[in-house]
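Residue-level structural notes
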Amino acid sequence: MHTTRTVPARPVLLIALTSALLLTPDSATADQEPPIRESAGDRGPARAPESATRRALTAPTTGFTDTTRGYPREQVLTPDPVDPSDRSVKLGLTPYHAIAPRLNALQRLGDRVSVEVAGRSAGGHRLYLVTVTAPETTARARAQERMRELIENAPAAAAKSREIKAGYKAPVFFNNNIHGNEWEGTDASLKLIEQLATAEDARTKDLLAHSRLYFNITANPDGRIAGTRANANGFDLNRDFVTASQPETRAMRQIEIDKQPAVMLDLHGYVNGTLIEPTTPPHGENYEYDLFLKNTYANALGMEAAVNGLGYTPAKDGVEPAQIPFRDQEEGWDDWPPIFTPQYAAFHGAVAAHTVEIPLAVNNSLYDSLPVAELRRRSAVNTAVAGAAIRATLDFVQDSRASLIADQIEVFRRGAAGAAQVPVSETTVPGVPGIGPEDVYTTDFPRAYVIPAGTTDTAAARLVGHLIANDVRVSRASRQLRLGGRTYPKGSYVVDMRQPKRGLANVLLADGRDISDKVSVMYDISGWSLGRLWGATVVPVTSGSLAGAPLRAVRAAAHAGRVPPRGDLRLRLTDPQEIAALNSLLRQGVPVRRAADGSAIVPASARALATEAARTHDVVFDATGQKGTTPLRRIRVAAAVTPGELFALREMGFEVTPVSTAVLNAGFDWSSVDALFVSAGLDRDALTSGARTALDAFLGAGHGLVGRGVVGARLSADTGLLAAKPVEGNGDANGVVRVVGSGPVTAGAPDHSFVYAPVWFTDLGPGVRVEQSYATGNPLVSGHWRSLPDGTGGSAAAAGQASVVSGPRAVLFGTEPLFRDHPKGEFAQVGRALFTMAHASSG
């Protein structure tokens, strides 16, 4: 146990939930709203516009190509139209439409402020990256870029470089407003930029001469304007870094890659008192955690002193003293999954990275219930707290620049050399009190990963492209390759784990770990394996040498798409891109038939259109002698689903109309859709009698239901579609599980799936088919799945039970095949289910 921790062993989430009331200066009380932990039961129905999905799917990932141009890099930004409805206005904060004029004015203050557009949001708004540094000539900027590349690509040489020690500017990244209704980091950064632009004191000049300060002004302009946590697609961007499904996340990823910050701050709200990472256990096992903890804890102490030094008190201002979870809590606020911005930043060389939760809630229900004056008072306090955290971080960087850069170099050196991790202890991390065995998390890195060429080329190309986009180095075999006692075909991909960013490669490709016995509660997901969930075969090679292997580095995955020169064509429909290709062909009127194995048969007469689909979606058509049976037609889906599921359905090319209880009660034209997918936000008991009659008539006419989780299963039971009893597992359980497929809907799916609040099905009636089951034994591969206090709901109870079931009129999923873009290899199961159900009424 951490003997220096000063509060009882209780999760920080529970503290936030049970902290009573905050006193305002006039002794009025206001509820403190807890931090958000997504759960399976509270994910409301998605309503994102199709344009936001399209923009996210097509927005290019672009780097900062002018890295050798000098500073300042000024530009005049075109103002956005004034939007009086911007939710920032009520709080007395900067509305989005005022940011561009403000940045134009800041650039005019001198030669220290530069503005670049890092990308656009899902809603189409510009993402502004501001750099504050002392002016640099082109030659000086080129020297900085050369040193940055040396640090990553030749860290052993960089560690000895006198030029780096004397002249490399420490990169520091401040990320603001990633949750759109946590506003104040933006305003604190704008105020600080103005101060830095004009200050003439010696300390400021020294700071800017030896640092580059990068400010992502608002990471989520869609949410800032609308007052929502999520972006225009309904995605929580601070859960998106493993998959980078959204354009805002890809922009932040590119900043991390191109700027390579040694220190970063992610400004959030609201936890009272101000929460400053480092976190409680469990800690990410792929980090060089000894270096990360040393620096993150030291900076946290400085931020704590600065925040408390503002003089706010509980009695006078309703502000509690700052807290550092690593020191002050036992569990409940972890850095295990790299879905959060600071945890992801560590894999690109950040040796001090923090979430900072400023204290006074102004969002959600409080936004509407508190008086404007009180909201603005709170926002002013929060802006000051955020500013204090930023200024303390600048002091830390200024005083510790040399050691921070040396530690960043050491992160990359260990990766490139294949060096062992250093377990944390009071000896290896001096100055951090209370380190115990509960803080020790390390892993054994394989020598390499191989993604073999073969039948999963579409999935392999997708995974390899994602690795490269994350700055993971990948090579390809120019001829047959033998590694670790196994032979791989020409064209196979190899990820050499002796590379600077080995931690990131491993975090994306490894199975992960079952941490159910480590802690009682997790803040968010605990398992995520793209190696298991994206549909590609990934083989860890634990030993051997790559010397002399016929490998060449690749900058992009090879295209997988191909069409045979003659005969009818077969599309397997085991990958989401294959489902998208099928939907594209159907939209163009191609007469496609379904084969007995569930694949799609395309006539030879449509070869030209199939060739275009193969190129667009990077899919493989095989030659076939099958003719198929059932004609497939374009289907339209009514969907009461989560934002991630809506996004996935559109990514697969389905024409989707979002619905909910409210939409159906307002009157819905069921003739406009062919099938219904339900997982969230549709309660049959809450429908008006007319809406319930219309829904029942639609399903009674043979239009099928695809349901997920308890919401989908409940609708199936209420309408008598499928005789199956859903059993709810532990609602906090999540992770990667082993599954066994046994039906046509899950044909060709990977043998692993993802669960979040898992469900299984028992008491199956006549005609109910088991499409997939949880594996026997312990099905959990990585994640957190405990039994409930009464002994039920655990992974042992799910073992061998049905996870996906089907009948003539419904398919029900107890897994999460479309969760947050994580289980790409599972998407096609839902596509197959929708085609099956949509065609049920037509035989």
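You'll find the structure just up there.
Attention in this report is confined to the structure presented alongside it. (Residues numbered from 1 in each chain as written. Predicted model: local features only at pLDDT ≥ 70, side-chain atom pairs only at ≥ 80, totals over all residues. Heavy atoms only, no water.)

Before going further, it helps to examine the overall build of the protein chain. A tally of helices and strands in the protein chain yields 27 helices and 35 strands. Whereas a compact globule of 843 residues would reach a radius of gyration of roughly 28 Å, the protein chain reaches 27 Å, a difference of no more than 12%. A burial count over the protein chain gives 62% of its 843 residues as buried. When contacts within the protein chain are restricted to residue pairs at least 6 apart in sequence, long-range pairs at least 24 apart make up 80% of them. Carbon and sulfur atoms make up 52% of the accessible area of the protein chain, which totals about 28800 Å². Within the protein chain, one finds 86 positive and 87 negative side-chain charges whose respective centroids are separated by 7 Å. (Helix = DSSP H or I, 4+ residues; strand = E, 2+ residues; numbered from the N terminus. Rg over C-alpha atoms; globule rule 2.2 N^0.38 Å. Buried < 20%, exposed > 50% of the residue type's maximum accessible area, 1.4 Å probe, protein only. Contact = heavy atoms within 4.5 Å. Areas by Shrake-Rupley, 256 points an atom, 1.4 Å probe, with all protein chains shown as cover. Lys, Arg positive; Asp, Glu negative; His and termini not counted. Charge placed at Lys NZ, Arg CZ, Asp CG, Glu CD.)

Turning our attention to the side chain of His617. Following the sequence through the fold, His617 ends up in helix 21 (residues 607–617). In this structure His617 comes out as buried when scored by relative accessible area, which is 18%.

Looking now at helix 18 (residues 502–509). With eight of eight residues buried, helix 18 is to be regarded as a mostly interior element. Every buried residue of helix 18 is accounted for by Arg502, Gly503, Leu504, Ala505, Asn506, Val507, Leu508 and Leu509. Looking at the buried residues of helix 18, the elements they touch are helix 14 (341–346), helix 16 (372–417), strand 12 (448–451), helix 17 (457–469), strand 16 (493–496) and helix 19 (530–533).

Taking strand neighbours across the sheet as the criterion, the five strands line up as 17-12-16-13-18 in an open arrangement whose pairing is antiparallel. Looking at which strands have only one partner, the edges of the open sheet turn out to be strand 17 (539–541) and strand 18 (551–554). Shown here is a sheet whose adjacent strand axes are inclined to one another by a mean of 35 degrees, direction ignored. Bridge count between strand 13 (residues 474–477) and strand 18: four bridges; the pairing is antiparallel. The residue of strand 18 that forms the bridge with Arg476 is Arg552. Lying on the sheet, helix 17 is in contact with strand 12, strand 13, strand 16 and strand 18; it crosses strand 12 at an angle near 140 degrees. (Pairing = 2+ DSSP bridges. Axes fitted to C-alpha atoms, helices over the stretch in contact; angles between N-to-C directions.)

We now examine helix 24 (residues 689–700). With twelve residues, helix 24 should reach 16 Å at 1.5 Å per residue; the first-to-last C-alpha distance of 16 Å fits that figure. Looking at helix 24, one finds that the buried residues are Ala691, Leu695, Phe698 and Leu699. Angularly, the buried residues of helix 24 cover 95 degrees about the axis, an arc narrow enough to put them on a single face. With respect to the buried face of helix 24, the exposed residues turned more than 90 degrees away are Ser689, Thr693 and Gly700. Close packing links the buried residues of helix 24 with helix 23 (661–665), strand 26 (675–678), strand 27 (705–708) and helix 25 (709–718). In the stretch just after helix 24, Gly702 is the one whose phi turns positive, near 100 degrees. (Expected span 1.5 Å × (residues − 1). Arc of directions from axis to C-beta.)

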